[in-house]
Amino acid sequence: MTTTSERARAQAPPDVETLRTRQTRGPARVPRWVVKTASPVLLVALWQVLSSTGLLPRDVLASPVTVVETAAGMWADGAVQSAVVVSGARVVAGIAIGVVTAVVLATLSGLFRRGEDVIDAPVQMLRTVPVIGLIPLLIIWFGIGEEPKIVLIGLAVTFPLYMNLFGGIRNVDATLVEAARTLGLGWFGQVRHVILPSAMPQFLVGLRYSLGTAWLALVFGETINATSGIGYEMNRAREFFETDVIVVCLVLYALLGLVGDGIVRLL
């Protein structure tokens, strides 16, 4: 026979576990952006403390305060604006050449088997050659002007962009292509409305990666007899052990890279 307490437990509703939502989690947590910002701020603060105490000599690395003062002085003199304009123009020209080259090659090799047979093998061979190793040849072919710098950036952009776009075209869902064919779309219509839009995400991933390699190539390219630009300012500062100017140039490279990356992410 069941007792009264056993019958009461049997009739009682089951225990319900309350999920902890944002409203029931108790005190508000620290926002994520605060946590993300804290570590760089603490790092800069440690850098300043080490510089102020003399543990980090100026000739090794200038203090953050000195770097900020130097940046303000370079901005007032117009050196920052001039360097950014010159280096930015080189990167834009190199990216334009690289994007056009990569799109043409990847489209031909991705859409046509014969194009793949002719184009893909040479591109894969050239892709394995370090782009920086081509600098001596570029100097011989184009001299020491702006051309080798722009061509170097264009080559650095071409290969990762080609790989991503080629893979995007070849990995298009065959069902979509078949559906487009069934609906009466011709070859050009399939390419325009199905294949290229499907490959666009891969293209943007490749473009985002290519922007990073473009700035990397610019750093090396501006060592080729540069008389202006961020790399020129950095090389001049190296000769006089001006670590504050070097840090300012590195920050400029980083900021310009973040701006380019942000544009691609927005796209």
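What you see is a predicted model; the values in this text were computed from it and never measured. (Residues numbered from 1 in each chain as written. Predicted model: local features only at pLDDT ≥ 70, side-chain atom pairs only at ≥ 80, totals over all residues. Heavy atoms only, no water.)

*Asks:* Can you lay out the overall build of the protein for me, pointing to particular residues and giving the numbers?
*Replies:* Secondary structure summary: the protein contains 11 helices and 0 strands in total. Reading the protein from its N terminus to its C terminus gives the helix and strand order α-α-α-α-α-α-α-α-α-α-α. The burial tally for the protein puts 34% of its 267 residues in the buried class. Intrachain contacts of the protein at a sequence separation of at least 6 include 70% that bridge at least 24 residues. Carbon and sulfur atoms make up 68% of the accessible area of the protein, which totals about 17000 Å². (Helix = DSSP H or I, 4+ residues; strand = E, 2+ residues; numbered from the N terminus. Buried < 20%, exposed > 50% of the residue type's maximum accessible area, 1.4 Å probe, protein only. Contact = heavy atoms within 4.5 Å. Areas by Shrake-Rupley, 256 points an atom, 1.4 Å probe, with all protein chains shown as cover.)

*Asks:* Can you explain the side chain of T243? Please cite residues and give values.
*Replies:* Examined against the element boundaries, T243 turns out to sit in helix α11 (residues 243–266). T243 sits in the buried class, given a relative accessible area of 12%. At a separation of 3.1 Å, a polar atom in the side chain of T243 contacts the main-chain carbonyl oxygen of R58. Leave out the neighbours within four places in its chain, and T243 touches R58, D59, V60, L61 and A62. (Polar contact = N/O pair within 3.5 Å; in protein donor to acceptor, adjacent residues only side chain to side chain.)

*Asks:* Tell me what's going on with unusual backbone geometry, and back it up with residues and numbers.
*Replies:* Phi at F241 is positive, roughly 55°, even though this residue is not glycine. Note that F241 resides in the loop between α10 (230–239) and α11. The exposed category is assigned to F241, whose relative accessible area is 66%.

*Asks:* Tell me what's going on with the side chain of T158, and back it up with residues and numbers.
*Replies:* Counting through the fold element by element, T158 comes out in helix α7 (residues 147–170). Within polar-contact distance, the side chain of T158 engages the backbone oxygen of G154 at 2.7 Å. Not counting residues up to four positions away in its chain, the partners in contact with T158 are G98, T101 and A102.

*Asks:* Before we move on, could you go through the packing of aromatic side chains and cite the residues and values that matter?
*Replies:* For the coordinates displayed, the defined rule picks out 2 aromatic pairs. Between the aromatic rings of Y162 and F166, the centroid separation amounts to 5.8 Å while the plane-to-plane angle is 10°, which identifies the pairing as stacked. In this pair, Y162 and F166 are both assigned in helix α7, 4 residues apart and thus about one turn of the helix distant. Given a relative accessible area of 12%, F166 falls into the buried group. Ring plane angle 70° and centroid distance 6.4 Å describe the contact between W215 and Y253, whose orientation is recorded as edge-to-face. In this pair, W215 is assigned in helix α9 (residues 187–221) and Y253 in helix α11, connecting sequence segments 38 residues apart. What makes W215 buried here is its relative accessible area of 12%. By relative accessible area, which is 9% here, Y253 ends up buried. (Phe/Tyr/Trp six-rings, centres within 6.5 Å; stacked < 30°, edge-to-face > 60°.)

*Asks:* Could you give an account of a nonpolar patch on the surface, naming the residues involved and the relevant values?
*Replies:* Together, V100, V104, L108, F112, W187 and F188 give the surface a local cluster of nonpolar side chains, amounting to about 610 Å² of exposed area. At the level of secondary structure, the elements contributing two or more residues to the nonpolar patch comprise α4 (79–111) and α9. The dominant element in the nonpolar patch, judged by the number of residues it contributes, is α4, at 3 residues. For V100, a relative accessible area of 53% corresponds to the exposed category. (Patch = residues over 30% accessible without salt bridge, like charges linked within 9 Å, V, L, I, M, F, W, Y side chains within 5 Å. Salt bridge = Lys/Arg side-chain N within 4 Å of Asp/Glu carboxyl O.)

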